[in-house]
Amino acid sequence: MPCSILLDAKITLTFYQAVSLRDAAATCSWHIELMTQRSQSIVLIGMMGAGKSAVGLCLKSRTGFPQFDTDEMIRSKFRMSISDIFSKLGEDKFREAETEVLQKLSSAQRAIIVTGGGIVLRKENLELLKKLGAVVWLEADVATLFKRAAQTGDRPLLHCKNPREAFTKTLRARLSLYAKIADIRLDTSALTDDEVALAILSRFKKSRGNQHSVQSNDYDDD
Ligand code: S3P
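Notes on the structure follow. (Residues numbered from 1 in each chain as written. Predicted model: local features only at pLDDT ≥ 70, side-chain atom pairs only at ≥ 80, totals over all residues.)

### As for the overall build of the chain
Here is step 1 of the chain: A tally of helices and strands in the chain yields 10 helices and five strands.
Here is step 2 of the chain: Taking all 222 residues of the chain together, the buried fraction comes to 34%.
Here is step 3 of the chain: Across the chain, every contact between residues at least 6 apart in sequence was considered, and the portion connecting residues at least 24 apart equals 75%. (Helix = DSSP H or I, 4+ residues; strand = E, 2+ residues; numbered from the N terminus. Buried ≥ 20, exposed ≤ 12 C-beta atoms within 10 Å, placed from the backbone. Contact = placed C-beta atoms within 7 Å.)

### Details of the nonpolar core
Here is step 1 of the chain: Judged by nonpolar contacts, the single largest core of 46 residues is most densely connected at Ile42, Val43, Leu44, Ile45, Ile113, Val136 and Ile200.
Here is step 2 of the chain: Setting aside residues up to four positions removed in sequence, Val43 forms contacts with Ile113, Thr115, Leu129, Leu132, Gly133, Ala134, Val135 and Val136. (Core = buried A, V, L, I, M, F, W, Y, C linked by C-beta atoms within 7 Å.)

### Remarks on the packing of helix H8 (residues 142-152) against helix H9 (residues 163-181)
Here is step 1 of the chain: Contact geometry of H8 with H9 gives a least axis separation of 11 Å together with a crossing angle of 125°. Comparing the axis directions of H8 and H9 gives the class oblique. Between H8 and H9 lies a crossing of right-handed hand. Contacts between H8 and H9 involve Val142, Leu145, Phe146, Ala149 and Ala150 from the first element and Pro163, Arg164, Phe167, Thr168 and Leu171 from the second.
Here is step 2 of the chain: For the contact of H8 with H9, a count of residues per class yields eight nonpolar, one polar and one charged. (Axes fitted to C-alpha atoms, helices over the stretch in contact; angles between N-to-C directions. Parallel < 35°, antiparallel > 145°, perpendicular 65-115°, else oblique. Left-handed = near helix turned anticlockwise from the far one by under 90°. Nonpolar A, V, L, I, M, F, W, Y, C, P; charged D, E, K, R; others polar.)

### Here's the deal with H8
Here is step 1 of the chain: What H8 keeps buried is the set Leu145, Phe146 and Ala149. Looking down the long axis of H8, one finds its buried residues gathered within 95° of arc, a one-sided arrangement. Exposed side of H8, more than 90 degrees from the buried face: Ala143 and Gln151 are the residues found there.
Here is step 2 of the chain: Residues of H8 that are buried sit in contact with H9.
Here is step 3 of the chain: Following H8 by one or two positions, Gly153 adopts a phi angle in the positive range, close to 75°. (Arc of directions from axis to C-beta.)

### A word on the environment of Pro156
Here is step 1 of the chain: Within the secondary structure, Pro156 sits in the loop between H8 and H9.
Here is step 2 of the chain: What makes Pro156 partly exposed here is the crowd of 15 C-beta atoms within 10 Å.
Here is step 3 of the chain: Taking C-alpha positions, Pro156 is 8.6 Å from Asp84, a pair spaced 72 residues apart along the chain.
Here is step 4 of the chain: Setting aside residues no more than four positions away along its own chain, Pro156 makes contact with Ile82, Ser83, Phe86 and Ser87.

Here is the structure:
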């Protein structure tokens with residue numbers, strides 16, 4: 001038997017073993033191996049209410065990678081809540097801080113990176129986000145996003161007369177920006193946070209199986 005066939009057979013067997021391992025093992029260790037080979041972070045983007053922070057935590061526990069949250073980093077830089085930063089220092093200051101935080105993360109280790117919904121507003125941020133790794137856009141229908149986002153009351157952009165209208169307008173203005181930099185796009189409307197995390201990790205597998213780089217746009221609708 002030619003060497004290449006033997007080699008193919010071995011790869012196929014390893015792949016199926018990996019698939020059953022994925023179903024059986026809670027740690028998804030083979031996903032970690034795939035990502036390690038790529039030396040990339042997973043960068044979560046999307047509108048307020050998309051579930052970025054919660055999904056980030058699930059990814060952190062499944063991969064063991066550290067998690068960085070740009071909102072948290074900004075909060076600790078100013079020692080203020082995001083609402084206070086907006087009201088006392090202004091939105092521009094907050095957006096500046098977002099860029100600074102991304103610049104710091106650029107040279108950091110491979111990680112799960114959770115971003116604020118407006119991180120895509122600055123052009124320079126788009127470049128920085130792409131450099132960090134695979135950009136995953138968490139999306140949902142507008143009603144679901146708004147319902148989740150309005151729950152906590154700590155989103156300064158919703159502190160207005162008609163938050164629902166402001167939300168819809170803001171989302172509409174951002175959709176093309178999210179789409180522009182997303183490598184992977186996932187509808188989270190009907191999924192739990194952990195299901196979203198698993199779906200992200202399985203996209204890495206799929207990209208690998210199809211021999212695509214995770215950095216190429218992947219707009220499958222499954
Ligand atoms: C913002 C989203 C927030 C936070 C800030 C601004 C936005 O983060 O960064 O309130 O412009 O959409 P979440 O997306 O985590 O809510």
